[in-house]
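A look at the structure
Here's the letter readout for the chains.
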Amino acid sequence: METVCEPTTGEAIERLAAALDDLQHAGVTPTSADDARGLIVALETQARRMRSVQVDLVEQIDRTATCVLDGHTSAKVMVRHLAQLSSAEAHRRAQCARALRTMPAVRNAFASGRIGGCQVERIARAHANPRVRAAVEANEESFAHQAEAQEYRAFDAMVDDWVRLVDEDGTRDRDQRAHENRDAALHQGFDGSWTLSGRCGSLAGAELESIFKAFLEAETLADWDAARAERGAAATASDLPRTDAQRRFDALHAAFRSAATARADAPAGSTIETNIVIDHHTFERMLARLTGVDPLLQGAFDPFPTRSYRCSTLDGRPVEATVAVAQALVGHVRRVVVGADGVVIDMGRRRRLFTGAAALAVKLQRTTCYWPGCHTPVTACQCDHLRPWSIRADGSGGGCTCPGNGGPGCGRHNHDKERGYRVRRDPTGHIHVYRPDGTEIT
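Residues numbered from 1 in each chain as written. Predicted model: local features only at pLDDT ≥ 70, side-chain atom pairs only at ≥ 80, totals over all residues. Heavy atoms only, no water.

1. A short note on the environment of Arg-199
Stated precisely, the cut-off is as follows: Comment: elements are numbered from the N terminus, with helices defined as DSSP H or I runs of at least four residues and strands as E runs of at least two. Any two residues having at least one pair of non-hydrogen atoms within 4.5 Å are treated as being in contact. Think of a polar contact as two N or O atoms within 3.5 Å of one another; within protein, one of them needs to be a possible hydrogen donor and the other a possible acceptor, and neighboring residues in sequence only count if both atoms come from side chains.
Following the sequence through the fold, Arg-199 ends up in strand β2 (residues 194-199). As for Arg-199 and Asn-181, which are separated by 18 residues in sequence, their C-alpha atoms are 7.6 Å apart. Apart from the residues within four sequence positions on either side, Arg-199 is in contact with Asn-181, Arg-182 and Asp-183. Looking at Arg-199, its side chain comes within polar contact range of the main-chain oxygen of Asn-181, at 2.8 Å.

Here you go:
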């Protein structure tokens, strides 16, 4: 266990660790139903108290601004990185910390273990709504009491009803709120498939529906044309080559592609490209499989090559390799040569700015900003010189504008390098970031 700088806190954590060792050694096997119920309540109470300490840590890091020393933008980012949390979990802790600042009754109930983390998170979500925040704070004792007295499902429904009632007393109607909360997102699952979700107000929704219906009608007419060409006038809906669901998606896909084409044709516009990065080993194997031969099954390919497998977008979104290679046969393929350390080969020092192929080569190296804990996607990053391009008074700098001396850095961390932080790439291609005092950020 890492040493905690403050002695009192460090000793308390050591005692906590020792108590957990004793508990794990004793075990938690119940001897009866009553024993099981007692263990559930006792362990949950202590887990809640521990959770309250974790939330309080986020608050204290924010108050003391200690996260800034390591180049983190907030306590949430620092905790997410060092505790290896998901972004959603880090967000929940930070949201709870903000709500508990002004809700002492809820904070005390949480710290004593009388209410759990899920109840506090539900109260915090309501508190995050600026239109009901003041009312939540004014009624926080009631929230704490109801959270303790009710099972979670009943409490969750009660909070939903309460928020709707209070929010309806505001000046904005339901449609205006839907417009203010408009959103759209594409989510990729573990199997590589995608789910599209979104919401909007009535006017934007009506416009989207009319556009979507026009594209859907075009897809439907195309299917009927294909069916009648094959079956003649006897064709029925069962003869259509696609299902209703497939036509709906293809209509949406066609609308997106139409928008991309319009952008390319507009003044000062450009074609929107989707770059798919696939390693040479996988490309050759999939290409062979498309011809009916799998070299891996015949022992012709090393199943565990020294270079890591990759078939994804620039941001690291996985793409099924067979589909990617098949598309390459009818699309455009850009071949990129990399060195043994996984870095695209150098392109010289003539220019200060990474542009064109050099910029793409830098962004091919990673899927996010190189700074530890930063999740800014590479497509939103700048191409940063690891060794500064300009020659400084102390003789440092003079780095070339080449992919070997480049890394994708977000705007904030690119700027931080000018405040005494140092970055280097080791022989294996891994990037290390050092504080002004010379210690490494891990």
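2. A word on the pairing of β2
To keep things clear, this is the line we draw: We call two strands paired when DSSP finds no fewer than two bridges between them.
With six bridges connecting them, strand β1 (residues 183-188) and β2 associate as antiparallel partners. When the bridges of β2 are listed, Ala-185 appears paired with Ser-197. Between the antiparallel neighbours β1 and β2 lie five residues, among them Gly-192 with a positive phi of about 90 degrees.

3. Observations regarding helix α5 (residues 104-111)
Counted only if it meets this: Exposure categories follow from relative accessible area, calculated using a 1.4 Å probe and restricted to protein chains: below 20% of the type maximum is buried, above 50% is exposed, and the middle band is partly exposed. By definition, the arc is the one covered by directions from the helix axis to the C-beta atoms.
Within α5, the full set of buried residues consists of Ala-105, Val-106, Ala-109 and Phe-110. Burial along α5 is one-sided: seen end-on, the buried residues are contained in an arc of 135 degrees. Looking at the buried side of α5, the elements it contacts are α2 (33-64), α4 (87-100), α6 (117-127) and α8 (140-149). Backbone geometry just downstream of α5 places Gly-113 in the positive-phi region, at approximately 85 degrees.

4. Some details on the sheet that holds strand β8 (residues 431-434)
The strand order across the open sheet formed by three strands is β7-β8-β9, and the pairing between neighbours is antiparallel. The sheet is open, and its two borders are formed by β7 (422-425) and β9 (440-441), each paired with just one other strand. When β8 meets β9, the two strands line up antiparallel, connected through two bridges. Looking at β9, one finds that Tyr-434 is bridged to Glu-440.

5. Re the confidence of the model for the chain
The predicted coordinates ought not to be read in detail in places where the model reports low pLDDT. Short version of the rule: Per-residue confidence from the predictor is given as pLDDT, running between 0 and 100.
Averaged over every residue, the pLDDT of the chain is 80; residues scoring 70 or more account for 77%. Put simply, helix α15 (residues 356-363) is where the chain has its lowest mean pLDDT, 67, and α5 is where it has its highest, 96. Segment residues 303-307 is flagged for pLDDT under 50; beyond a separation of four residues in sequence, or across chains, it makes six contacts in the model. When the criterion is pLDDT under 50, residues 345-353 qualifies, and its contacts beyond four places in sequence or with other chains add up to 27 contacts.

6. Things to note about the pairing of strand β6 (residues 406-409)
Side chains Gly-406 and Pro-408 of β6 all project onto a buried face; the interleaved residues Gly-407 and Gly-409 project onto the opposite face, where all are buried too. For strand β5 (residues 382-385) and β6, the ladder comprises four bridges, and the chain directions are antiparallel. In the strand pairing of β6, Cys-383 is matched with Pro-408.

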